[in-house]
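The primary structure of each chain is shown beneath.
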Amino acid sequence: MTIEKTIQNHIEKVFVYTDKFKTININIAFELPFSVDTTAHFALLARVLRNSTEKYPSKRSLSQKLQDLYDARLGLTYNRVGKASVVSVSLTFINDQYLQSESSLCYEALTFLNEVINHPLLENGHFSKSKLEEERRLLIDEIKSMYNNKSRFALNEMIEAMFKEELYGKKIYGTVSQIEQVEPSDLTRAYQILMNQSKISIYVVGDIDKECFENNLDQTIRLNGNNIEVSLIDDETKEVTSIKEIIRLDPVNQAKLNIGFRTNVLVGTPLYYAMLVLGSLLGGHANSRFFDVIREKHSLAYSIGTIYGLNKGVMVVMAGIDAGKYHQVMDLVMQEIHAIQAGTIEDELIELTKLTLNNELLELFDSPSGMVGIIQKELDFLGYFDLEQMMKLVKDVTKEEIIEASKTLVLDTVYLLSGKEVSKWNKSNTQI
Amino acid sequence: MEQIKYTDLKETLYHEKLENGLEVYLLPKHNFFKTYAVFATRYGSVDHMFRPLGSNKLISVPAGIAHFLEHKMFEDAAGKNIFNEFAKLGADANAYTSYNMTAYLFSTTNEVTKPLHLLLDYVQEPYFTEDNVIKEQGIIEQELLMYLDDPSDRLHLGFMKNIFFKNEIKTDVGGTVRSIKQITSDLLYTCYHTFYHPSNMVMFVIGNFDVEHILEEIKANQGKKEFPVASPIKRKYHTENEIVKRAYKEIQMSISSPRVAFGVKFPAFDLSSDEIVKKELAVSILIDEFFGKGSLNYEEMLEQKIINSSFKVATVLENNYGYFVAKTETEDVDRFIQYMKSKLLSMKETHFSQENFLRHKKVVIGDFIRRLNSVEFIANTYIDYYMRDFDLLKVLSILEHLTLDDVLDTLTLFKEEAMSAFVIKPKKKVSRKSNSLT
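Since the structure is predicted, the reported quantities are computational estimates derived from the model, not experimental observations. (Residues numbered from 1 in each chain as written. Chains lettered and ligands numbered in written order. Predicted model: local features only at pLDDT ≥ 70, side-chain atom pairs only at ≥ 80, totals over all residues. Heavy atoms only, no water.)

Undergrad: Go over the overall build of chain B with me, naming the residues and quoting the values.
TA: Counting its secondary structure elements, chain B contains 16 helices and 15 strands. Whereas a compact globule of 438 residues would reach a radius of gyration of roughly 22 Å, chain B reaches 23 Å, a difference of no more than 12%. Taken along the three principal axes of its C-alpha coordinates, chain B extends 65 × 50 × 50 Å. Considering only residue pairs separated by 6 or more positions, chain B has 80% of its internal contacts joining residues 24 or more positions apart. When the accessible surface of chain B is split by element, carbon and sulfur atoms take 50% of a total near 18100 Å². Positive and negative side-chain charges in chain B, numbering 54 and 61 respectively, have mean positions lying 6 Å apart. (Helix = DSSP H or I, 4+ residues; strand = E, 2+ residues; numbered from the N terminus. Rg over C-alpha atoms; globule rule 2.2 N^0.38 Å. Contact = heavy atoms within 4.5 Å. Areas by Shrake-Rupley, 256 points an atom, 1.4 Å probe, with all protein chains shown as cover. Lys, Arg positive; Asp, Glu negative; His and termini not counted. Charge placed at Lys NZ, Arg CZ, Asp CG, Glu CD.)

Below you can see the structure in the form of structure tokens.
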């Protein structure tokens, strides 16, 4: 694997040469500062761009074109990273080496990608009203459907409650009423901003055919790079004065518990790797403390784990539990965290966790998307990529650093989605 | 050691059958960090009725026992946590049970030999007691309850219960809260001794390792163990024709909008493994033509707001069971069912061009090659097809011989009496709540 990074006309181009995959993956990211007022515009724009183009004016013709490209996969996603809005356009297609075909799929794929980016379907200079309506309906349906995945739903509710007054608590796609108000002209404006004012990066992974890419990428896909500052870190925070505890009734068989902690440890800060180890040690693998104590020893949960939001400074403990065991689970979770804060951690578990984390890190390099994700993260936050160093930083984390990281955790919000009435866990409502 | 070269795919597979009957497949991928090993038995959730090793009597065991057994394999006599043992070696262990097999696996980016021995050893050393069976019943009950909250699982199971009378495929892999309570350690041992004989098992290792060395290690491990003489396992299944048990059923759940599964049951077949895989491909192409994202019907259903992006189709066709199913969220359940039914029944009157057929072939080729990026896909799917006596890496040669006529021949499978719908509607009280979800 060799990585080649160049910056031309403010566009960052990263080529990852590897012959382990049978595909070529291209990912073009457009980054802009996130705005609550226009986020719904970009969310819908990404969908409308995926819907049709000038040459392929319907979903059907666009799908058929992708099928003709040997089932090439086109992705147009919209997301928030830190304080940035990111629209990603990706295309995965089979490397020509594996096809008994005369023509070059690579060249066809690049031409197609340009069609998607630079030739959207317009009517009198604006995006089509009917395509907007179609995608609006589908997006709203998807948002409503999130309620059906109870774990996801409970997590979203917890995040929104915990960060109610902060950017992080705002809906990524905007509210349903914002989505309902988007007009074709809003999409046109958003498209102009995306094309002319965003920071652009291109990642290509695979056994890259130099001839196809070096000769064609720039000529085929026209892009205007910009030298703007986009913050991928969201360090907005606030003092926790009292613990929020929310119990919401919903007819679920298994209650969904989410516990949100704040921490000032973010990616790029000194304790970052210690926090990674801490999160994994508590709930990242089958030997983690929560899994061992709450699931195995006490049979109190079917699933339990932690998520660490590294560019926000938030750690969430998620568990699927029997609602009647709510207080017991809460007590055990807090007890485990207090124990680490007080310095009780087995050295063996620390070593095991580090081994697990580095194993997980290397495994990411066995998939094209995992590779792009991790290389992009390192280049964004560090400016360079060094796999050996990343693994060493994990190995070098000390017990003291883990204890220090654990002391930054402040309980903020507890959210329980429960099928039956239960009493509050935090009776005194004091800070912990 | 047999060497099988797939030149077009640039892959070489190594194969050997050991003296005790274990089939070993090794696929080196030197540029990967990971090695992924799967040790699997031809024993899944559909194996309810069989003749135990050393007995002449056919017995029937509780639903979910294969999955239960899989959970219990992770406990040993010394009380060690198996996951922990793998983790200490820098490997990540897991297991899964499907309809036709139980698979134990690990992946690692570290040294391979030790976790490989551990994998072979723990799966070949069962330890079941009444106490640990009772404890497990509690854990699996929680797992089953979790699935009960998942509308996708409920929809699928509901549809299966609609179309099958007795076929074992209609029961969830995990069984039911009631059936797992009937499991005892004696029953677990009976199943274990019958199905975990090496001659009923396969090992597939893929990734970054030396072929000769790994084969020697596996042989050495197996050579040290003794197994009784194997006899062919007698199993019995309830095969059925295409008539469905019921054409319609609905339930209520706490969901935002109604969901439907509408589909067609296929009769049991008695075909060779190549023929059945070919037939499955043919039906998939037929469905892609009429209901895929590039089809007129899909476009029309979206325009008429009958479906949304949750719409999905799936085709399963094996000798013992088979079905086609389309699932979606929809505000208009009846229109969706009527639409699907009329379009399925009129497929035979609609022209299917050679040009479209060639495009669908390209999709199968592209989809297959793309998936080969993943070592997990290769190992898991290779074993899945192995259980069906088919070589996964030969899929494209089957496709090469597939003609449009083969596809059109499968039209006769889509009969009205073979159709069924299962519907989940939102609970009244909850749908009010969900409207305020903005």
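This is not the end of the story, as more comes after the structure.
Undergrad: Requested: an account of the overall build of chain A, with residues and values cited.
TA: Helix and strand counts for chain A stand at 15 helices and 13 strands. Over its C-alpha atoms chain A spans a radius of gyration of 24 Å, differing by no more than 12% from the 22 Å that the globule rule assigns to 432 residues. With respect to the three principal axes, the spread of C-alpha positions in chain A is 65 × 50 × 40 Å. Looking at chain A as a whole, 59% of its 432 residues qualify as buried. Once local pairs closer than 6 in sequence are excluded, the contacts in chain A between residues at least 24 apart make up 81%. As displayed, chain A has an accessible area near 17400 Å², and 48% of this comes from carbon and sulfur atoms. (Buried < 20%, exposed > 50% of the residue type's maximum accessible area, 1.4 Å probe, protein only.)

Undergrad: An account of the sheet that holds strand β14 (residues 322-329) of chain B is needed here, citing residue identities and associated values.
TA: All names here are of chain B. Reading across from one edge, β11-β15-β12-β14-β13 is the order of the five strands in this open sheet, with mixed pairing throughout. At either end of the open sheet lies a strand with only one pairing partner, and these are β11 (248-253) and β13 (312-317). Taking the axes of each pair of neighbouring strands and ignoring which way they run, one obtains an average angle of 15° across the sheet. (Pairing = 2+ DSSP bridges. Axes fitted to C-alpha atoms, helices over the stretch in contact; angles between N-to-C directions.)

Undergrad: Can you lay out the state of the cysteines for me, pointing to particular residues and giving the numbers?
TA: Residues and elements named next belong to chain A. Inspection of the entire model under this criterion finds one disulfide over all chains. Each sulfur of the disulfide joining cysteine 106 and cysteine 212 lies 2.0 Å from the other. Handedness of the cysteine 106-cysteine 212 disulfide follows from its S-S torsion of about -95°: it is left-handed. One end of the pair, cysteine 106, is in helix α3 (residues 105-118); the other, cysteine 212, is in helix α8 (residues 210-220), with 106 residues separating them in the sequence. Accessibility assignment for this pair places cysteine 106 and cysteine 212 in one class, buried. (Disulfide = S-S within 2.5 Å.)

Undergrad: Please give an account of the interface of chain A and chain B that cites residues and values.
TA: Between chain A and chain B, the residue contacts involve 62 residues of the former and 63 residues of the latter. Considering only the surface of chain A that becomes buried against chain B, Lys22, Gln67 and Tyr302 of chain A emerge as the three largest contributors, covering 11% of it. Seen at the junction of chain A and chain B, the total is seven salt bridges. With a closest N to O distance of 3.9 Å, lysine 362 of chain B and aspartate 68 of chain A form a salt bridge. Here the side of chain A that touches chain B takes seven residues from helix α4 (residues 129-145) of chain A, the largest share from any one element. (Buried area = accessible area lost by both parts, 1.4 Å probe. Salt bridge = Lys/Arg side-chain N within 4 Å of Asp/Glu carboxyl O.)

Undergrad: Lay out the sheet that holds strand β7 (residues 91-97) of chain B with the relevant residues and their values.
TA: Residues and elements named next belong to chain B. A sheet is described by the order of its strands in space; here seven strands give the open sequence β1-β2-β3-β9-β4-β8-β7, paired in mixed fashion. Of all strands in the sheet, those with a lone pairing partner are β1 (2-6) and β7, marking the two edges. Recorded for the sheet is a direction-independent mean angle of 15° between the axes of neighbouring strands. Pairing of β7 with strand β8 (residues 102-108), which is carried by seven bridges, proceeds in the antiparallel orientation. When the sheet's bridge partners are listed, asparagine 94 is paired in β8 with leucine 105.

Undergrad: So, the pairing of strand β3 (residues 23-28) of chain B: which residues are in play, and what are the values?
TA: Residues and elements named next belong to chain B. Of all six residues making up β3, six are buried, and the element is well covered by its neighbours. Going residue by residue along β3, you find Glu23, Tyr25 and Leu27 tucked away on one face and Val24, Leu26 and Pro28 tucked away on the opposite face as well. Sheet analysis places strand β2 (residues 11-17) next to β3, joined by four bridges and oriented antiparallel. What sits directly across from lysine 17, in β3, is glutamate 23. Where β2 hands over to β3, the hairpin turn is made up of five residues, of which glycine 21 adopts a positive phi near 105°. In this sheet, strand β9 (residues 201-207) lies alongside β3 in parallel orientation, the contact comprising six bridges. Note that in β9 the partner of proline 28 across the bridge is glycine 207.

Undergrad: Mind laying out the packing of helix α12 (residues 347-364) of chain A against helix α14 (residues 387-395) of chain A, listing which residues take part and the relevant values?
TA: Residue and element names in this part refer to chain A. Where α12 contacts α14, the two axes come as close as 9 Å, and the packing angle between them is 160°. The angle between the axes of α12 and α14 places the two elements in the roughly antiparallel class. Pair α12 / α14 crosses with right-handed handedness. For the pair α12 and α14, contact is made by Lys354, Leu357, Asn358, Leu361 and Leu362 and by Leu387, Met390, Met391, Val394 and Lys395, respectively. (Parallel < 35°, antiparallel > 145°, perpendicular 65-115°, else oblique. Left-handed = near helix turned anticlockwise from the far one by under 90°.)

Undergrad: So what about the pairing of β8 of chain B? Which residues, and what values?
TA: On a regular strand, one side chain projects to one face of the sheet and the next to the other, so that they alternate. All names here are of chain B. With seven of seven residues buried, β8 is to be regarded as a mostly interior element. Here β8 shows two buried faces, one formed by Thr102, Tyr104, Phe106 and Thr108 and the other by Ala103, Leu105 and Ser107. Note that strand β4 (residues 35-41) and β8 share seven bridges and pair antiparallel. Within the sheet, the bridge partner assigned to tyrosine 36 lies in β8 and is serine 107. Connecting the antiparallel pair β7 and β8 is a turn made up of four residues.

Undergrad: Give me the lowdown on the pattern of salt bridges, citing residues and values where you can.
TA: Residue and element names in this part refer to chain B. Overall, the coordinates contain 62 salt bridges over all chains when judged by the stated rule. Between arginine 335 and aspartate 332 there is a salt bridge, and its shortest N-O distance comes to 3.6 Å. Judged by its relative accessible area of 37%, arginine 335 falls in the partly exposed class.

Undergrad: Hey, could you go over unusual backbone geometry for me, with residue numbers and the actual values?
TA: The bulk of non-glycine residues show a negative phi, and the bulk of peptide bonds are trans. Phi at aspartate 71 of chain A takes a positive value of approximately 60°, unusual for a residue other than glycine. Although it is not a glycine, asparagine 124 of chain A adopts a positive phi angle of roughly 50°.

Undergrad: Please provide a residue-by-residue account of helix α12 (residues 354-371) of chain B, values included.
TA: The end-to-end C-alpha distance of α12 of chain B, which contains 18 residues, comes to 26 Å, matching closely the 26 Å that a straight helix rising 1.5 Å per residue would cover. When α12 of chain B is considered as a whole, its buried residues turn out to be Asn356, Phe357, Arg359, His360, Lys361, Val363, Val364, Gly366, Asp367, Phe368, Ile369 and Arg370 of chain B. (Expected span 1.5 Å × (residues − 1).)

Undergrad: Quick one: what's the story with the environment of lysine 249 of chain B, residue by residue and with numbers?
TA: Here lysine 249 of chain B is to be found in strand β11. Residues lysine 249 of chain B and glycine 158 of chain B, 91 residues apart in the sequence, show an inter-C-alpha distance of 8.1 Å.

Undergrad: Tell me about the nonpolar core, and please be specific about residues and values.
TA: Ranked by internal contacts, the top residues of the largest apolar core, which has 213 residues, are Phe213 of chain A together with Phe414 of chain B. With residues up to four places along the chain from it excluded, the contact list for phenylalanine 213 of chain A reads Phe15, Ile24, Ile26, Phe93, Cys106, Leu110, Val204 and Ile208 of chain A. Among the nonpolar cores identified, the runner-up in size contains 49 residues, and Tyr43, Phe68, Ala93 and Val123 of chain B belong to it. (Core = buried A, V, L, I, M, F, W, Y, C linked by side-chain atoms within 4.5 Å.)

Undergrad: Describe in detail helix α4 (residues 130-148) of chain B, supporting the description with residues and values.
TA: The terminal C-alpha atoms of α4 of chain B, which comprises 19 residues, lie 27 Å apart, in line with the 27 Å expected from a rise of 1.5 Å per residue. Every buried residue of α4 of chain B is accounted for by Asn132, Val133, Glu136, Gln137, Ile139, Ile140, Gln142, Glu143, Leu144, Leu145 and Met146 of chain B.

Undergrad: If you had to explain the environment of glutamate 351 of chain A to someone new, which residues and values would you point to?
TA: Checked against the element boundaries, glutamate 351 of chain A lands in helix α12. Under the relative-accessibility criterion, glutamate 351 of chain A is labelled partly exposed at 48%.

Undergrad: Please provide a residue-by-residue account of the confidence of the model for chain B, values included.
TA: All names here are of chain B. When the pLDDT values of chain B are averaged, the result is 94; 98% of them are 70 or greater. Within the model, pLDDT remains below 50 along residues 430-438, and this stretch shows 17 contacts once partners closer than five positions in the same chain are excluded. If you check the scores for this complex, the pTM reads 0.93 and the ipTM reads 0.92. (pLDDT = per-residue confidence, 0-100.)

Undergrad: Describe the environment of leucine 22 of chain B, and please don't skip the residues or the numbers.
TA: Residues and elements named next belong to chain B. Along the chain, the position of leucine 22 falls in the loop between β2 and β3. Owing to a relative accessible area of 0%, leucine 22 belongs among the buried residues under this scheme. With sequence-adjacent residues up to four places away left out, leucine 22 is seen in contact with Glu16, Lys17, Phe39, Pro198, Ser199, Met201, Val202, Met203, Ile218 and Gln222.

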